[in-house]
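Topology and contacts: notes
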Amino acid sequence: LKSLILVSSLTSSYLAHYNAPKFLGEISHGDRAALFKQVTAYGFLACFVINGAYAVLGFLTFGGSSKSLILNNYSSSDSLATLSRVGVLLSIVFGFPFSYVGFRDSALQFLPPKCADSQKTKDIVAVLVVAALTAIAMVLRDLGVVV
């Protein structure tokens with residue numbers, strides 16, 4: 001079970017992959033497509049290295065008593081940990097649209113095309129998803145349950 005939590009944690013680093021086909025479709029083929037592939041490969045490699053270092057260093061620092069969110073192991077008065085928490089907050093807030101659009105587009109495929117393309121339907125889905133996520137966030141206290 002713990003290995004599944006690790007896999008889930010690692011996948012959150014690659015949220016932009018939901019939109020990769022959309023991004024690729026928006027650029028012209030040729031040199032830009034080759035550049036897109038190269039930038040994508042370097043981006044995934046950088047995410048892998050950064051997250052691997054983060055996980056290893058966090059475990060080496062706190063060992064088996066590491067909490068689900070490694071920043072929760074640090075004191076609330078630690079200014080660098082607080083700065084890191086702000087960074088995580090900004091990452092979540094500004095990364096949400098990437099994962100949301102991928103989810104919304106996939107969910108709307110279950111509806112008839114006329115209904116799925118309507119702005120009203122997209123607005124209703126947005127309100128329902130944000131409300132559901134907010135309700136879940138108000139109840140959960142351990143990030144490891146979700147991630």
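Data block above holds the structure.
Because the structure is predicted, anything quoted here is derived from the model rather than measured.

What counts, and at which threshold
Residues numbered from 1 in each chain as written. Predicted model: local features only at pLDDT ≥ 70, side-chain atom pairs only at ≥ 80, totals over all residues. Heavy atoms only, no water. Helix = DSSP H or I, 4+ residues; strand = E, 2+ residues; numbered from the N terminus. Buried < 20%, exposed > 50% of the residue type's maximum accessible area, 1.4 Å probe, protein only. Polar contact = N/O pair within 3.5 Å; in protein donor to acceptor, adjacent residues only side chain to side chain. Contact = heavy atoms within 4.5 Å. Core = buried A, V, L, I, M, F, W, Y, C linked by side-chain atoms within 4.5 Å.

Some remarks on the side chain of Thr-121
Here Thr-121 is to be found in helix α6 (residues 119–139). Under the relative-accessibility criterion, Thr-121 is labelled buried at 13%. In terms of polar contacts, Thr-121 uses its side chain to reach the backbone carbonyl oxygen of Cys-115, at 2.8 Å. Apart from residues lying up to four places away in sequence, Thr-121 is in contact with Leu-108, Leu-111 and Cys-115.

A word on the nonpolar core
Residues Tyr-100, Val-101, Leu-108, Ala-116, Val-125 and Val-129 constitute the largest nonpolar core, which totals six residues. Secondary-structure elements contributing two or more residues to this core are α4 (79–108) and α6. The biggest single contributor to this core is α4, with three residues. Beyond its immediate sequence surroundings of up to four residues, Val-129 is in contact with Tyr-100 and Phe-103.

Functional significance is not addressed by these values, which are geometric in nature.
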